[in-house]
Every structure is written in C-alpha cells, then in structure tokens.
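The lines below spell out each chain.
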Amino acid sequence: MKTIISAVAAAAIAGLLSTAAQAESLILYTSQPNEDAQATVDAFEAANPGVEVEWVREGTTKIMAKLMAEIEAGNPAADVLLIADTVTMQRLKEAGHLMPYKSPEAAAYDAALFDADGAYYSTKMITTGIIYNTAAAMKPTGWQDLAKPEAKGLVTMPSPLTSGAALIHAQTLTAIDGLGWDYYKALAGNGATAAGGNGGVLKAVATGEKAYGMVVDFMAIREKARGAPVEFVFPAEGVSVVTEPVAILKTAKNADAAKKFVDFLLSVEGQKLASKMGYIPARDGVALPQGFPARETIKVLPVDAAAAVKNAEADLKTFSGVFGTN
Amino acid sequence: MLSKLRKNVSRFPVQNRRQTESGQAPAGKSAGACSGTDEIARGGRFGRLRLAFGGETLEGAGRRGEASPAVPGRIAKELNHPSSPDVTEDGLRKPRRLAPQEHGSSPQATAGGEPGWLLPLVFCLVFLLSALPLIRLGWAGLGGLTDGEGAKLLLEPATIAALRNTLLAATGGMAVSLVLGTLFGFALALTDIRGKLFLSFAFMLPMMIPPQVTALAWVEMSGPSSPLLKTLGLAPPLGRPQPLYSLSGIALLLGVQHAPLVFLAVKAGLAAIPRDGVEAARLAGASPLRVFRDILLPLGSPGLVAGAAIAFVSGIGNFGIPAILGIPASIETLPTLIYSRLASFGTSTFGEIAILSTLIAVISAAGLLLQQRMLQGRDYRPLGLSGASAAFSLGRFRLLVEGLLWGVLALVLAAPLLALVASSLVPAYGVPLTLETVSFRAYGEILCRQSLTLTAFRNSLFLASAAAVGLLVITVPAGYLLARRKGALANFLAILIEVPYALPGIVLAVAFVLLFAAPLPLVGLSLYGTVWIILAAYFSSFLAVSLKPVMSAMLQMDPSLEEAARLAGAGLLRRMRDVLLPVIAPAAGASVILVFLIAANELTVSALLWSAGTQTLGVAIFNLDDSGSSDLASALSVLVVLMVTALMAALEISARYMPEGVLPWRN
C-alpha cells in the first residue's frame, strides 16, 4: 500500500511540475485532424528548435466557442489560430482580436489568398466534393445525384454547426443557381443526415453505414490510398473551397514564435509538408499531392465572403431548421 | 429532497450502530447478523418467516416508513454519474434504523477532545466545494427564468425533444439494467454456481470502463462498420443504418453500463437473507419456486427498487453514451444538448445552460423521490442468526445458469472489447481485419507520435492522483468529525458532501463554469481554462467517494483507543498521527485508488472544462472519435481499458488489507 501511495504521490508531483513547465510554449488552436496537426507541429518544432508547441484540436465552431469564452474571461490561451475558413477569420479581424503581421513569404501567394492588412494567411486549398463507397450502386457525378431516389437514406454530410468548411460549403451551394436551399430541402427529404464533422462522414461512407457523402477532398483521397473502399468525385457543378487560414491573436503571449509559425506554414517547406499530408498547397509552384487531378481542372465555385460573414448566423439557423438540431 | 437526504445521512454511521449495540446488548447477538436486536426480541425468526410466507407484509413493515434498504456501491456508481443518496457506501447490508435519540446514547457521541477549529475548518471546505457551485448554478438558473427567456427555452422543440429522449433512454436503460442486474444478482447471491468472484469482477467491469469507450466498442461490434463482422463475413449490407445510432441503442448501452448498479443493490440485499429462512420454508414443504416468489423476491425487492432508481438517475446524467451514439443521428439528450450549446455557442448561452442543468437536477431528484415513495412501508428486513446466507443448489441446472451468465458476459463485455481491439488494428476504414491487413499504425501514432496521448495521460493521472490524495486531507478530518459527532450540523455536513455526487456530472461542470468563468474576485486569478478548474470540480464530485472508506474505517475503530490516548494527554494531531492514521491507512489507500480509478476515466465534467493542454483521457478519446480518427480513439481506449483492469486487479489483490465493503465487486 505504501508503495502505491508513494507512486501516486510521485505522479501527482510530476503532474504539477510538468503543468507548471508548459507556461512558455506556443499555443495553437486548430481544426486540423489530430494526425495532421501533430505532423505540422512536429515539423515546425524541428525547424525551430527551442519552441515548444501546445495544441488543441476541435471543429472550427467549437474552437471558436472556446476561444470566445476565453476572451470573455479575459485570458485567451491561444497564440495562433489555424482553422478552416477565412470567413471566421474576417469576423475575428473585424472584432479586433487579430494581430496584423506582414509575412515575407506572402509575396509568393495570390493576393486573394491573404488579408491585405496581414491579419490572416491562407495555407492550403481544401475542396468539398462527393465521396462514395465503391460498393454503391450509383456512381455520382454531380451534386444533384445525391437527391436522386437511388441515394435515398444513403447520404450524409458534416454539419455547419460543427465544421467551418461545412458552413462555407452550404453557403456556397445555396448561392448557386439551380441548387439553393431547395437542394438542401430535397436532400433532407431524401433522408440525408447532417451531423458532426468531416471525419464522421468519412467513417460512415468508408465503413458502409452510408453510401454517399459530402466531404473534404484530402480525407477521402488519403483514406482511399490506405486501402479504404472509397472514391472521391469533383462534381460537375464545381466544388466549394476553404483555405485553412492561419492568424496570430492580438493577445498572443509568444508573438515571436507565432510569427515564426506563420512563416513556416507559408514557406516552401511548410507547403511541401501540406502537399505530403494530402492537401492542395496554397502557394504557387508547389505540386499537388498524389491522387488529385491537375490544379486547373478543378472547378471552384465562387463564394461572396462579405455576404457569407453577414449571413452566417441566419444560414446556420436555416440549416438547423432543415436538418433538425445538433 | 432535503428531508429525504437528511434521513440518509445517518447511513454513514452504520457500523457505529453495530458497535453501539454491542455495547448495549450481549455481544453474541449483534455479531454476524445485520438485523437489530429489538426485532429479534419482538418477532423472533419464526414469526418473521410466517409473515414471509404470506408474501405481503412483514412484521414491522410500514412502521418505519422512512427507511429504504441499504444498498451498496456508492463507489460503484458509474463514473461521473449520480446515484441515489439512499445508497450507503457499504458493501454490506446495514439498514439504518436507529432513532436519533439512540444515536445520542452512543458512547461515541460523547467522545470529546475535538478541538474548536475542526468543525469550522471542515464546514468551510465542504461549503466551498459543495454548496457554493450549486448556489451559483441555482442563481443563474433563477436569473434565466425570471427574465422570461427560461420559459421560451423550455418550450423550444429542441428542449422538449431532448427531454423526451432523455426520459425514454433512461427508462429503457433502467429496464435493461434491471434484467441484467437481477439475473446476475440472484445467480451470484443465491446459487451455487462456480467462479463467482470472477463473474462478479467481470460484470462490474463495464461500469468502470468510461461510457464513451463502451459506446465506441459497441459501435465497432455492430452495424456495417464493424471490422469484426467484416472479418467474419457477417457485416450487414451497405447503407444499413448502424442500429445503435438510435434511442433504443442508447437505452441498451445505458442498460449495460448501469446494470452493475442494480446488480450490487440486489446482491447486497439478497446476501443478507439468512439461510434459516429458506431452510425453514423448504422444511415446511415449499417448492423452490414458492420460496423464490414468497421469500426471496419480496426480500430482494427493496434492492431492486433502489437499483432501478440509481440506474435511472445515472441514465439521465450520462453523457458519453448519448454523445457517441446520439450526436451522429441527431438524437439529443439533455446532457448532450448542454454540451453542444456550450461547445458551439460558448458563454453567450450561460443562462440557457443553467436552466437546462437545473432541469436535469430536478429530474434526478424526482427519480430519487419516487424511489423513496415506492419503498415507503416496505421495509423487509430479514433476521437470522446463522450468519450463512441463503443458497439454492441448482443441481443439473447449474451448468445451464453458468452458461447463461458466461454467455451474457461474452455478449456485453468480451465481444465489444474484441471489436474495439479489431478496430484499432485495421489499416483503414472499411477494410476487413486479416493477417495480411493487420496494422499497428494506430498504436504507433497514439504511443509514439501524438503529443495528445502523453498530455491526456499526464493530465488524467495528475488530476486523478491529486484528487485522490488531496481529498484525503479533507476526508480524514471530515470523517473523524462525522464519526464522532451527531446532530443537525453533522447531518447537514453529510448532506453537503453527498449532493454533488448525486448530481449528474454535466450539472456540476456547468456550476463550475459559472463559478469560475470570470476571474476570481480579490486575487483576479482566472481558473477557467486551466487544469485547476477541473481539479476543483473533481474535488467536489468525488468527495463522497473518498470519504466512504475512510468513514467506515473510522467507525470500525474502537473509540477507547483514542480516548486512552486523550487521557494520556495527546492532542488531536498527535492522536491522528499515532492512533487514527495507522488504523485507517488501508482504508485511505482504498479511498485513494477508488477515486483515482473513477477520476482517471472521467469524461462529462472535463468535456466542458478542458482547454489547451488540459485534455483528459476521456476528452481525448471523445475528440479523436469526433474528428474521424476512430482507429486512434479505439487504440487509446484499449490502453485505457487495460489500465482500468490493472487498477481493479491491484485493488483485488490488496483486498484483504481493506475494510469490508469497500470493493464493490466483492461480497
């Protein structure tokens, strides 16, 4: 018994010490999947010895809720944000929560991919298309296919209430002529479900719980490469896109390390890493990962960022109304 | 609620009663039997038996309207879920039955030597941990109600749907728990089947495993996604919905998770039935069926009712199972609704969240009150002097019953865990597990690459050990105080300690969010977002768990030891060090390990309170699954199940050093 108690006490002390020792590290809030977030952090730490990154992963909306709660409590923990969409970043910028930083790497980027004031920088292109299980009877080629009777009860998609990419995706599709909210109503009428994040959609389709899904490209293409029975389709109408921007919070306690982190993500090395992980790099001249068609063949649907910011709340409500709460 | 709780307060001094009686009556009478000497004098066992045959009323029933049977397993409460305040901490059936004045005559009640600072100190600590967060929650809830938002929220379709789902799932879960728990309770307490200790240990395991791990394991076992079924070629066809993503799926798993609570309640009640009763009935010509119907079932029924109430209330507060099974299918229960609101909309919804939490607290209280009502006037308290518990010889049916029990265990424990292991070993989703495809990638990622794993293990181990060891600092003086003192103030303290434990974890978590969202007054320190807010909530939640073993050891100790020391001039601290601590050391060890075990698996409280660098194991598993990395979630779950089993085994091995009734799976 004594040894148990002393072991427990030792663990307690070790815990205390290590908790105290984390104070100086760079804190990253991200919506990347755990494995990618870890790989990004590992690569950054290797390139910048001495900086230790502590990171938190959740869906964009949850990360934002956490961050806003911390800001309200007067003590935001995060230094750097790496989340799905620029719309959220724009809102943070307008609320005055972001620190402008002119990264020297920005010159290699299309001006549309970063904020002119340096508040945030896009790091990659993530499109949302259609995933289907190879055992499925129908091979979908466009968004309308998911509303067909063949897909009844077999379609799933991420919820905009959880995923930032899913919100932009819904806002993009509903702004397209011939789709709109009627399309989502038709999907809901066809028994489609909308819950959780992209990971859940990937799992549901790959394991055969569902046959079709809307999902971000890299997840589907990567899982296919590992042997999962799935295919990814860039629909004929086009795909929505988010750019996973990075930004530094105005309250960052470790601004120097945060700037290094931004530079690293935008550098050729950081962009090659993104490509290696299966993302379309945002930087010009870095090759696309395996499994993707040529960059110019991917048809990207436009999104009105200003309207997206303005309508986000209302669109969320409409979406919840169509698909039920969650 | 309060008056009911007050009645249960004196549950704590149960062993005290035994000592009191041995002080008042011939020693032989109270030894071994749990019934009171007054009953023996009045009714005699044959009188009781006759009444038992009647099957309706037993002598004394109705007279003590207040008493509900003692049920074991406070400790056994599923992690971060409430159980009835009616449950004693004792593994033994020790009904409370002393009137207050009898307490007053206890020699310990007059034991003096308590320094003046002890009561205020304990009172302050308990008030800070227990009363303050709940007062804050109630205040916020009231504020939300009075500004008119509350009524609107309660009438929202989402709230009503969540309320309905919560009640349906908890009721269904209770039914499943009753079936499973009763089967195992009766079989293990009353029959001559073999391997009881192992069966009991294994049946308790689902309760010690975090609920989200249970849910994950079952998801991996059933439906088209199961790597196990795919490997066996039994997987349902494409597009067949996962059957567990439904209300009945949630109810089934709540039932499995909480069945051990019913099992403990039933078993403890039945184990106290003396063999004499059954033997006498058999001699009088009663068939086994008749004995079962007329003696065992009525005598076991208080345990059933109590177990059902605990299972129901635990189901109301469960977060892990509806989170994993309900959220993908858009089925919200009240705890997941609170979580989603707070996770997606943040602190702007504090008022709503407070109201929803209060709603859960009210339902929990109502469940417990209902149990109280049902037990009124039904106090079947057996008596007997043989000390041996009743047992049926099953004869040629023994193998059948054993087969049934092992079959159930294989289905609810072995198969899901196997599926969990299988899903941690497949290389990608949808790939069957074969010798060619087996991959340890998930383990490599979890163990060697993910810093999250280390962070989560470190945080959980730190939180669990700090809570377990830290709580001793409160529970040793508190236990001493409660063991030595009687009266209103001590009762009130005991209630305060019990309440946070009886409340669902999500309610407590919301209370702590409200309490610490703003920086602390005066010092300006912000606890929100740090590991300390989780630790504070754990202290509050597990205070009762920690107190239990310490309290039983304090009560088992002969006060004359301490009195001798006091007469020799030793002060309280000296007496603590030289007399009390050596005696209670094993119990303190048990207390530490039990709190550690429960806290290490905690999810509900930490799911709302975690932040950068403060993820716990429960949160890590939940978030990994949520982000679509269910292979990693499975791998981490397997590691956690191994840890839990090892801890339980360590407790089992050291069982002989511990006070009786501390380990829930032991008799």
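Just so it is clear, the model here is predicted, and its values are computed rather than measured. Numbers given to residues run from 1 along each chain, matching the order in which its sequence is written. All chains are assigned letters beginning with A, and all ligands numbers beginning with 1, in the order in which they are written. Predicted model: local features are reported for residues with pLDDT of at least 70 only, side-chain atom pairs are reported and counted for 80 or more only, and whole-chain, interface and lining totals are derived from all residues. Excluding hydrogens and water, the side-chain figures rest on all heavy atoms present in the structure.

**Comments concerning the overall build of chain A**
Okay, step 1: Helix and strand definitions follow DSSP, with helices as H or I runs of at least four residues and strands as E runs of at least two, each counted in order from the N terminus. The helix and strand inventory of chain A stands at eleven helices and 13 strands.
Okay, step 2: Relative to the compact-globule value of 20 Å for 326 residues, chain A shows a C-alpha radius of gyration of 21 Å, a close match.
Okay, step 3: With the C-alpha coordinates of chain A rotated into their principal frame, the extents come out at 65 × 60 × 40 Å.
Okay, step 4: Three labels apply to residues, based on accessible area from a 1.4 Å probe with only protein chains included: buried if under 20% of the type maximum, exposed if over 50%, partly exposed otherwise in between. When burial is assessed residue by residue, chain A has 62% of its 326 residues classed as buried. Our radius of gyration is a C-alpha quantity, and the globule rule it is checked against amounts to 2.2 Å times the number of residues to the power 0.38.

**Some thoughts on a nonpolar patch on the surface**
Okay, step 1: There is a patch of nonpolar side chains on the surface, built from B:Phe127, B:Leu128, B:Leu132 and B:Ile135 and spanning about 340 Å² of accessible area.
Okay, step 2: Considering the arrangement of structural elements, one finds B:Leu128 in helix H7 (residues 118–146). Here the term patch refers to residues with relative accessible area over 30% and no salt bridge, with like charges joined within 9 Å and nonpolar side chains (Val, Leu, Ile, Met, Phe, Trp, Tyr) within 5 Å. Residue burial considers only the protein chains on display, and all accessible areas are found by Shrake-Rupley using a 1.4 Å probe. We count a salt bridge whenever a side-chain nitrogen from Lys or Arg sits within 4 Å of a carboxyl oxygen from Asp or Glu.

**Some remarks on the packing of helix H5 (residues 164–174) of chain A against helix H6 (residues 180–189) of chain A**
All names here are of chain A.
Okay, step 1: Only the contacting stretch of a helix is used when fitting its axis, a line to C-alpha atoms as for every element, and angles between N-to-C directions run 0 to 180 degrees. For the pair H5 and H6, interaxial distance at closest approach is 7 Å and the crossing angle is 115°. Between H5, through His169, Ala170, Leu173 and Thr174, and H6, the contact on the second element is made entirely by Gly180, Trp181, Tyr183 and Tyr184.
Okay, step 2: Side-chain classes are defined by residue name, with Ala, Val, Leu, Ile, Met, Phe, Trp, Tyr, Cys and Pro counting as nonpolar, Asp, Glu, Lys and Arg as charged, and the others, Gly among them, as polar. Split into classes, the residues belonging to the contact of H5 with H6 amount to five nonpolar, three polar and no charged. By the convention used here, residues are in contact when the closest approach between their heavy atoms is within 4.5 Å.

**Quick notes on the pattern of salt bridges**
Okay, step 1: All chains considered together, the criterion is met by 22 salt bridges over all chains.
Okay, step 2: We note a salt bridge from A:Asp115 to A:Lys93, for which the minimum N-O separation is 3.1 Å. Residue A:Asp115 is found in the loop between strand E4 (98–99) and strand E5 (120–122), and its partner A:Lys93 is found in helix H4 (residues 86–94); the two are separated by 22 residues along the sequence.
Okay, step 3: With relative accessibility at 24%, the residue A:Lys93 sits in the partly exposed group.
Okay, step 4: Measuring nitrogen to oxygen at the nearest pair gives 2.7 Å for the salt bridge that ties B:Asp631 to B:Arg441. Highlighted residues: B:Asp631 in helix H29 (residues 630–653) and B:Arg441 in helix H20 (residues 441–449), separated in sequence by 190 residues.
Okay, step 5: B:Asp631 gets classed as buried once you look at its relative accessible area, which sits at 9%.
Okay, step 6: For B:Arg441, a relative accessible area of 26% gives the class partly exposed.
Okay, step 7: Linked through salt bridges whose partners overlap, the residues forming this network are A:Glu35, A:Glu223, A:Arg226, B:Arg441 and B:Asp631.

**Quick notes on the packing of aromatic side chains**
Okay, step 1: Ring geometry is summarised as follows: Phe, Tyr and Trp rings, the Trp one being its six-membered ring, pair when their centres sit within 6.5 Å, and such pairs are stacked at plane angles under 30 degrees, edge-to-face over 60 and tilted between the two. Counted according to the given criterion, the structure contains 22 aromatic pairs over all chains.
Okay, step 2: A centroid spacing of 5.6 Å and a plane angle of 65° characterise the contact between A:Tyr184 and A:Phe319, whose relative ring orientation is edge-to-face. With A:Tyr184 in helix H6 and A:Phe319 in helix H11 (residues 305–323), this residue pair connects regions lying 135 residues apart in the sequence.
Okay, step 3: Residue class for A:Tyr184 comes out buried when judged on its relative accessible area of 1%.
Okay, step 4: Geometrically, the ring pair formed by B:Phe319 and B:Phe622 is edge-to-face, given 5.7 Å between the ring centres and 65° between the ring planes. Taken as a pair, B:Phe319 in the loop between helix H15 (288–317) and helix H16 (320–326) and B:Phe622 in helix H28 (residues 617–626) lie far apart in primary sequence, 303 residues in all.
Okay, step 5: On the basis of relative accessible area, B:Phe622 is assigned to the buried category, the value being 4%.
Okay, step 6: Joined through ring pairs, the aromatic side chains of A:Trp181, A:Tyr183, A:Tyr184, A:Phe319 and A:Phe323 make up one cluster.
Okay, step 7: As a reminder, the over-ring test applies to NZ of lysine and CZ of arginine, requiring each to be within 6 Å of the ring centre and within 35 degrees of the ring normal. Of note, A:Lys66 hangs over the ring of B:Trp610, and the distance from its end group to the ring centre comes to 4.1 Å.
Okay, step 8: Above the face of the A:Tyr279 ring, A:Lys124 is positioned so that its terminal group lies 4.9 Å from the ring centre.

**Digging into the domain arrangement of chain A**
Residues and elements named next belong to chain A.
Okay, step 1: Here the limits of each domain have been adopted from an automatic or database domain assignment. Annotation of chain A at the domain level lists domain 1 (2–123 + 243–292) and domain 2 (125–241 + 301–323).
Okay, step 2: Between domain 1 and domain 2, the C-alpha centre-to-centre distance is 26 Å.
Okay, step 3: In this complex, domain 1 contributes 24 residues to the contact, which on the side of domain 2 involves 22 residues.
Okay, step 4: Summing both sides of the interface, domain 1 and domain 2 together bury roughly 1700 Å²; the carbon and sulfur share of this comes to 67%.
Okay, step 5: Counting across the interface, domain 1 meets domain 2 through two salt bridges.
Okay, step 6: Here Arg226 and Glu35 are joined by a salt bridge, their closest N and O atoms 3.6 Å apart.
Okay, step 7: Here a polar contact is recorded for every N or O atom pair within 3.5 Å, except that within protein the pair must consist of a potential hydrogen donor and a potential acceptor, and residues adjacent in sequence are included only if both atoms are side-chain atoms. The tally of links between domain 1 and domain 2 comes to three residue pairs in polar contact (both at pLDDT 80 or more).
Okay, step 8: When residues of the side of domain 1 that touches domain 2 are traced back to their parent elements, those giving at least two are helix H2 (34–47), helix H3 (60–72), H4 and strand E13 (280–281).
Okay, step 9: The greatest single-element share of the side of domain 1 that touches domain 2, amounting to four residues, is contributed by H4.
Okay, step 10: Each residue belonging to the side of domain 1 that touches domain 2 can be placed in one class, and the counts come to ten nonpolar, eight polar and six charged. Buried area: the sum, over both parts, of the accessible surface (1.4 Å probe) that disappears when the two are put together.

**Observations regarding the nonpolar core**
Okay, step 1: The nonpolar core is taken to be a set of buried Ala, Val, Leu, Ile, Met, Phe, Trp, Tyr and Cys residues, with the residues joined through side-chain atoms within 4.5 Å. Within the largest apolar cluster, 206 residues are counted, with the highest numbers of intra-cluster contacts made by A:Tyr29, B:Leu325, B:Leu609, B:Leu636 and B:Met648.
Okay, step 2: Sequence-distant contacts of B:Leu325, that is, excluding residues within four places in its chain, are made with B:Ala215, B:Val219, B:Leu244, B:Tyr245, B:Ser246, B:Gly249, B:Ile250 and B:Leu253.
Okay, step 3: Listed in part, the 65 residues of the second largest apolar core include A:Val80, A:Ile131, A:Phe218 and A:Ala282.

**Looking at the interface of chain B and chain A**
Okay, step 1: Taken residue by residue, the interface counts 64 residues in chain B and 57 residues in chain A.
Okay, step 2: Between chain B and chain A the total buried area reaches about 5000 Å² when both faces are included, carbon and sulfur atoms providing 58% of it.
Okay, step 3: Considering only the surface of chain B that becomes buried against chain A, B:Leu238, B:Tyr429 and B:Trp610 emerge as the three largest contributors, covering 13% of it.
Okay, step 4: Where chain B packs against chain A, one counts three salt bridges.
Okay, step 5: Salt-bridge contacts for B:Arg441 lead to A:Glu35; the nearest nitrogen and oxygen are separated by 2.9 Å.

**As for the packing of helix H24 (residues 531–556) of chain B against helix H26 (residues 572–600) of chain B**
All names here are of chain B.
Okay, step 1: Two numbers describe how H24 lies on H26: the axes approach to 8 Å, and their chain directions differ by 145°. Note on packing geometry: the crossing formed by H24 with H26 is right-handed. Contact residues: H24 offers Tyr538, Phe542, Val545, Ser546, Pro549, Val550, Ala553 and Met554, while H26 offers Leu580, Ile584, Ala587, Ala588, Ala590, Ser591, Leu594, Val595, Ile598 and Ala599.
Okay, step 2: Residues that form the contact of H24 with H26 fall into these classes: 16 nonpolar, two polar and no charged. By definition, turning the near helix anticlockwise from the far helix through less than a right angle yields a left-handed crossing, and turning it clockwise yields a right-handed one.

**Observations regarding the environment of B:Thr437**
Okay, step 1: Within the secondary structure layout, B:Thr437 lies in the loop between helix H19 (398–425) and H20.
Okay, step 2: With residues up to four places along the chain from it excluded, the contact list for B:Thr437 reads B:Leu425, B:Pro427, B:Val431 and B:Pro432.

**Quick word on the pairing of strand E12 (residues 245–249) of chain A**
Residue and element names in this part refer to chain A.
Okay, step 1: Here E12 lies mainly inside the structure; five of its five residues are buried.
Okay, step 2: Neither face of E12 is open: one carries Pro245, Ala247 and Leu249, the other Val246 and Ile248, and all of them are buried.
Okay, step 3: The criterion for strand pairing is that DSSP finds at least two bridges linking the strands in question. The sheet contact formed by strand E3 (residues 80–82) and E12 spans three bridges and is antiparallel. When the bridges of E12 are listed, Leu82 appears paired with Val246.
Okay, step 4: Examined bridge by bridge, E4 and E12 share two bridges and lie antiparallel to one another. By the bridge assignment for E12, Met99 is matched with Ile248.
Okay, step 5: One ladder, built from three bridges, connects E5 with E12; its direction is antiparallel. Each bridged residue has a counterpart across the sheet, and for Tyr120 the counterpart in E12 is Ala247.

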